[in-house]
Amino acid sequence: MELRQLSYFVTVAEELHFGRAAERLHIVQSAVSMQIQRLERELGAELFDRTPRRVRLTSAGERLLPRAREVLAAADRARAAVAPPPGLRIGTSTGMGAHLDRVLAAFARRAPEVPVELFSLPAAERLARVAGGQLHAAFVRSVDPVPGIRVLPLWPDPLVAALPASHPLAGRAEIDLGELAELPLSLTERRNNPALVDLVVGACHEAGFEPLPGPANGSLQDTLATIGSRPGWTVVYASHARVLHSPRVAFVPFRPPGLALSTGLAVPVSSPVVHLDNLLLACGDHES
């Protein structure tokens, strides 16, 4: 008696139709019939009453069905016992900085046997992959609602000003946003990060000035290199600034209330996320 034969038997018993069972099993109908016949010969009993109009279980088939399901379930448990633990696929971005290091360390303490794969992607692609099942979860900041996705709040992410290390404001412990009004502002295009651009430009307007447009560069590293060589400023997440090494650039906090975006964890609405509890606890641990 083979597990394959029991699997075919259970499928036919559930469908009561050899053709539909074959479709579910993705094999030809003759292969299903052949394996059922072999199982019947081995057991010495007919399992199905076949007529041109219908298929139904015999009394022997009815007695076998729950036992066959038990055997198949036991086989699944045996496979699971020796299979490697499922990994966790998480979308992230380069701006996570020290946050990500601490979350991963806390998760490793809670679930040392679970491998984690990180995928650094634009926010829109992160959300699309969570919705499509390619990612289990993704860290995001202040995103618009997406169908099929819920965002679990985690922590606020403060922003700091990045300006030339030679500028008089670079040595300050804190600065007012309005003190930057005479310096060109370099920001990513709004389509790349609408929440960030809207926050910074809106805060400038509230501070009473229209930001001077600075050069738009392709990456944060290019922007910092430009700021290090000529007057200008941009914003960087404080958690990221702590791990950046730019000797010609100074990172200065804004005076309270400052600027911040909220970071959350995007997860699918319908399907449960493996290891989500440990991941959320790890996100809480790293803040404590």
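Parameters at a glance
Position numbers for residues start from 1 in each chain and track the written sequence from start to end. Given that this is a predicted model, residues contribute local features only at a pLDDT of at least 70 and side-chain atom pairs are listed and counted only at 80 or more, while totals for whole chains, interfaces and linings are drawn from all residues. Side-chain numbers come from the whole structure's heavy atoms, not from hydrogens or water. The numbering of helices and of strands both runs from the N terminus, where a helix is a DSSP run of H or I of at least 4 residues and a strand a run of E of at least 2. Here the globule rule reads 2.2 Å times residues to the power 0.38, and the radius of gyration is calculated from C-alpha atoms. Only protein chains enter the area calculation, which uses a 1.4 Å probe; residues under 20% of their type maximum are buried, those over 50% are exposed, and those in between are partly exposed. Contact definition: two residues touch when any of their heavy atoms are within 4.5 Å. What sets the accessible areas is the Shrake-Rupley method with a 1.4 Å probe; for residues, cover comes only from the shown protein chains. Two residue types count as positive, namely Lys and Arg, and two as negative, namely Asp and Glu; His and chain ends fall outside the count. To locate a charge, the coordinates of NZ of Lys, CZ of Arg, CG of Asp or CD of Glu are taken. The axes used here are C-alpha line fits, helices contributing only the stretch in contact, and every angle between their N-to-C directions lies in the interval 0 to 180 degrees. Note that the term roughly parallel is reserved for angles under 35 degrees, roughly antiparallel for angles over 145, roughly perpendicular for angles of 65 to 115, and oblique for everything else. Note on convention: the crossing is left-handed when the near helix lies turned anticlockwise from the far helix by less than a right angle, right-handed when the turn is clockwise. Classification of ring pairs rests on two measures: the distance between centres of Phe, Tyr or Trp rings, Trp counted by its six-membered ring, which must be within 6.5 Å, and the angle between planes, read as stacked under 30 degrees, edge-to-face over 60 and tilted in between. Should the NZ of a Lys or the CZ of an Arg lie within 6 Å of a ring centre and within 35 degrees of the ring normal, that charge is described as sitting over the ring. Directions are taken from the helix axis to each C-beta atom, and the arc is the one they span. Note: two strands are recorded as paired if DSSP finds a minimum of 2 bridges between them. For salt bridges, the criterion is a side-chain nitrogen of Lys or Arg within 4 Å of an Asp or Glu carboxyl oxygen.

A. Region of interest: the overall build of the protein chain. When helices and strands are counted, the protein chain shows 10 helices and 11 strands. Relative to the 2.2 N^0.38 estimate, which gives 19 Å for 288 residues, the radius of gyration of the protein chain is 30 Å and therefore markedly larger than a compact globule would have. Counting only C-alpha atoms and orienting by the principal axes, one finds that the protein chain spans roughly 95 × 40 × 30 Å. The buried share among the 288 residues of the protein chain stands at 41%. Considering only intrachain contacts with a sequence separation of at least 6, the fraction spanning at least 24 residues in the protein chain is 73%. Carbon and sulfur atoms form 54% of the exposed surface of the protein chain, whose accessible area is close to 15600 Å². Put simply, the protein chain has 29 plus and 29 minus side-chain charges, and the middle of one group is 7 Å from the middle of the other.

B. Just the side chain of H136, in detail. As for its placement among the helices and strands, H136 is situated in the loop between α6 (123-132) and β5 (137-141). The contact partners of H136, leaving out residues within four places of it in the chain, are G87, L88, R89, V130, A266, V267, P268, V273 and V274.

C. Region of the structure containing the packing of helix α1 (residues 3-15) against helix α2 (residues 18-25). Between α1 and α2, the least distance of the axes is 8 Å, while the angle of their chain directions is 125°. In terms of axis orientation, α1 runs oblique to α2. Where α1 crosses over α2, the handedness of that crossing is right-handed. Within the contact between the two elements, α1 uses S7, Y8, T11, V12, E14 and E15 and α2 uses F18, R20, A21, R24 and L25.

D. Seen up close, the packing of aromatic side chains. Considering all chains together, one arrives at three aromatic pairs under this definition. With a centroid separation of 5.5 Å and an interplanar angle of 55°, the aromatic rings of F9 and F48 are classed as tilted. Here F9, found in helix α1, pairs with F48, found in strand β1 (residues 48-50); they are 39 residues apart in sequence, far enough to count as distant. Both residues of the pair, F9 and F48, count as buried. By the ring-pair criterion, three or more aromatic residues cluster together here, those being F9, F18 and F48. Sitting above the plane of the Y237 ring, R141 keeps its charged end 3.5 Å from the centroid.

E. Inspection of helix α10 (residues 276-285) at higher detail. Within α10, the full set of buried residues consists of L276, L279, A282 and C283. Each buried residue of α10 sits inside an arc of 125° when the element is viewed along its axis, so together they form one side. Buried positions along α10 lie against β3 (88-92), α5 (98-110), β5, β6 (149-164) and β11 (260-268).

F. Layout of the pairing of β11. With respect to burial, β11 is a largely interior element, seven of its nine residues being buried. Relative to β11, β5 runs antiparallel, the two being bridged by four bridges. Across the sheet, residue R141 finds its bridge partner in β11, namely T263. Sheet topology places β6 next to β11; nine bridges connect them, and they run antiparallel.

G. Representation of α2 in the model. Listed as buried for α2 are F18, G19, A21 and A22. Buried residues of α2, seen end-on, are gathered within an arc of 160° and therefore sit on one face of the element. Looking at the buried side of α2, the elements it contacts are α1, α3 (29-43), β1 and β2 (55-57). Following α2 by one or two positions, H26 has its phi on the positive side, about 60°.

H. Summary view of the pattern of salt bridges. Tallied over the entire structure, the rule returns 16 salt bridges. For the salt bridge of R129 with E125, the shortest nitrogen-to-oxygen distance reads 2.8 Å. Of this pair, R129 and E125 both sit in helix α6, four residues apart, which is roughly one turn of that helix. Looking at E125, the relative accessible area reads 32%, which means it is partly exposed. Close ionic contact of R255 with D176 constitutes a salt bridge, the shortest N to O distance being 2.6 Å. Of this pair, R255 sits in the loop between β10 (249-253) and β11 while D176 is found in the loop between β6 and β7 (184-185), placing the two residues 79 residues apart along the sequence. According to the relative accessible area criterion, R255 is partly exposed, its value standing at 33%. Several salt bridges share partner residues, and in doing so they unite E14, E15, R20, R24 and R69 into one network.

I. Unusual backbone geometry, seen in detail. P257 follows P256 through a cis peptide bond whose omega is 10°. Even without being a glycine, L16 presents a positive backbone phi close to 50°. Within the secondary structure, L16 sits in the loop between α1 and α2. Take L16: its relative accessible area is 37%, and that puts it in the partly exposed class. Of note, the phi angle at H26 is positive, near 60°, even though the residue is not glycine.

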